[in-house]
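Each chain, written out:
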Amino acid sequence: MDDGGAFDALRERLAGAPRVLAITGAGISAESGISTFRGAGGWWKNHDPARLASPQGFAADPALVWEWYIHRIRTVLAAEPNAGHRALAELERRASSGFCLLTQNVDGLHQRAGSRRVHEIHGTILQARGTRSDRRVPVADLDIDAPPPLRAADGELLRPDVVWFGETIRTDAYRAVETFLDQAPPDVCLVVGTSGMFPYIQAWAIRARMAGALLAEINPEPGDLASSCDIVIARPAGEALPKLLEPASTS
Ligand code: OAD
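Worth saying up front: this structure is predicted, and the values here are computed from it rather than measured.

Visitor: Tell me about the environment of Leu 214, residues and numbers included.
Guide: With respect to the element layout, Leu 214 can be found in strand β8 (residues 214–218). In this structure the C-alpha to C-alpha distance between Leu 214 and Ala 203, which are eleven residues apart in sequence, comes to 15 Å. In this structure Leu 214 touches Ala 9, Leu 10, Arg 13, Asp 187, Val 188, Cys 189, Asp 230 and Ile 231, once residues within four positions along its chain are discounted.

The structure is reproduced here in structure tokens:
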């Protein structure tokens, strides 16, 4: 199917009162200037995830880990949502039979673009949590200019409130997606800007398709899920997603 046919097929399914599951990854924030992990120029090309994004790495060198996270927090705070984020927020407003946005991103840009039903399966970079207690501290309440690692006022060592390699994904987000899929089958499942390599991401996309959803991937370099998709649009999210909001072609 060429791009024109792909957009038309998707717009047709999105017309009326659609129910939509959207799954996003780092690629949707690339056009906001936030680096991906595995794509060209991605973090994991030159940095070791075991040192920067694992409990063992943090135990070995919390200052190094916080230095990297503070750099990323600064980038996120300076970034703005792009046309792709905004288009998903608009799709949510139109999806009168239900919408669920499952993101692997920790940057909060979906929420800033106006998305409401966002489930952050890997947590959020905009919050820290205690290493001994369950306390959660918004990054806005912390002095990120202080020498790392960041600590609470009483001295407790904090850690980023994100999911690291070897840790369990967020239960609340997991349950929200499961409940959404249990309630009724989606008409469309959009997989945007992810290499789609985690089994739970693949499983949700395939489950949506098996339940009758049109499964579409938007990614300039389609990932592991492409071969299971009905539609693959090999374009940047900021260009492709707004096109889904246009009226279906009448030709
Ligand atoms: P990846 O870095 O693995 O993949 C990003 C994807 O975005 C690639 O497939 C790119 O081709 C695509 N991409 C790049 N620019 C794009 C654009 N403008 N529009 C659309 N797509 C674009 O990121 P994720 O799949 O999100 O987890 O990675 C999943 C998880 O692995 C992350 O949450 C993170 C990482 O390690 C943890 O840190 C636990």
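Next, the rest of the story.
Visitor: I'd like a description of the site of the ligand, backed by residues and values.
Guide: The immediate surroundings of the ligand are formed by 23 residues, with Phe 37, Arg 38, Thr 194, Ser 195 and Asn 219 found nearest. A distance of 2.6 Å separates an oxygen atom of the ligand from a polar atom in the backbone of Phe 37. At 2.5 Å from an oxygen atom of the ligand is found a side-chain nitrogen or oxygen belonging to Thr 194. Burial of the ligand by the protein chains amounts to 91% of its free accessible area of 790 Å². By residue class, the composition of the shell around the ligand is ten nonpolar, ten polar and three charged.

Visitor: A description of the sheet that holds strand β2 (residues 99–103) should follow, citing residues and the corresponding values.
Guide: Spatially, β3-β2-β1-β7-β8-β9 is the arrangement adopted by the six strands of the open sheet, whose pairing is parallel. Looking at strand neighbours, the two that pair on one side only are β3 (118–120) and β9 (231–233), the edges of this open sheet. Strand after strand, the sheet turns through a mean of 15° between neighbouring axes, direction not considered. Summarising the sheet, β8 and β9 pair through three bridges and their orientation is parallel.

Visitor: If you had to explain the state of the cysteines to someone new, which residues and values would you point to?
Guide: Taken as a whole, this structure holds zero disulfides when the rule is applied. Looking at the unpaired Cys 100, the closest cysteine sulfur is the one in Cys 189, lying at 9.6 Å. Overall, the relative accessible area of 1% leaves Cys 100 in the buried class. Lacking any disulfide linkage, Cys 189 is separated from the closest cysteine sulfur, that of Cys 229, by 7.9 Å. For Cys 189, a relative accessible area of 0% corresponds to the buried category.

Visitor: Tell me about the packing of aromatic side chains, residues and numbers included.
Guide: Evaluation of the coordinates by the stated rule reveals eleven aromatic pairs. Between Trp 44 and Trp 68 the ring centres are 5.5 Å apart and the planes differ by 35°, which places this aromatic pair in the tilted class. Remark: Trp 68 occurs in helix α5 (residues 62–78) and Trp 44 occurs in helix α2 (residues 43–46); sequence separation between them is 24 residues. The exposure classification of Trp 44 matches that of Trp 68, with both residues buried.

Parameters and conventions
- Residues numbered from 1 in each chain as written.
- Predicted model: local features only at pLDDT ≥ 70, side-chain atom pairs only at ≥ 80, totals over all residues.
- Heavy atoms only, no water.
- Helix = DSSP H or I, 4+ residues; strand = E, 2+ residues; numbered from the N terminus.
- Contact = heavy atoms within 4.5 Å.
- Near = heavy atom within 4 Å.
- Polar contact = N/O pair within 3.5 Å; in protein donor to acceptor, adjacent residues only side chain to side chain.
- Areas by Shrake-Rupley, 256 points an atom, 1.4 Å probe, with all protein chains shown as cover.
- Nonpolar A, V, L, I, M, F, W, Y, C, P; charged D, E, K, R; others polar.
- Pairing = 2+ DSSP bridges.
- Axes fitted to C-alpha atoms, helices over the stretch in contact; angles between N-to-C directions.
- Disulfide = S-S within 2.5 Å.
- Buried < 20%, exposed > 50% of the residue type's maximum accessible area, 1.4 Å probe, protein only.
- Phe/Tyr/Trp six-rings, centres within 6.5 Å; stacked < 30°, edge-to-face > 60°.

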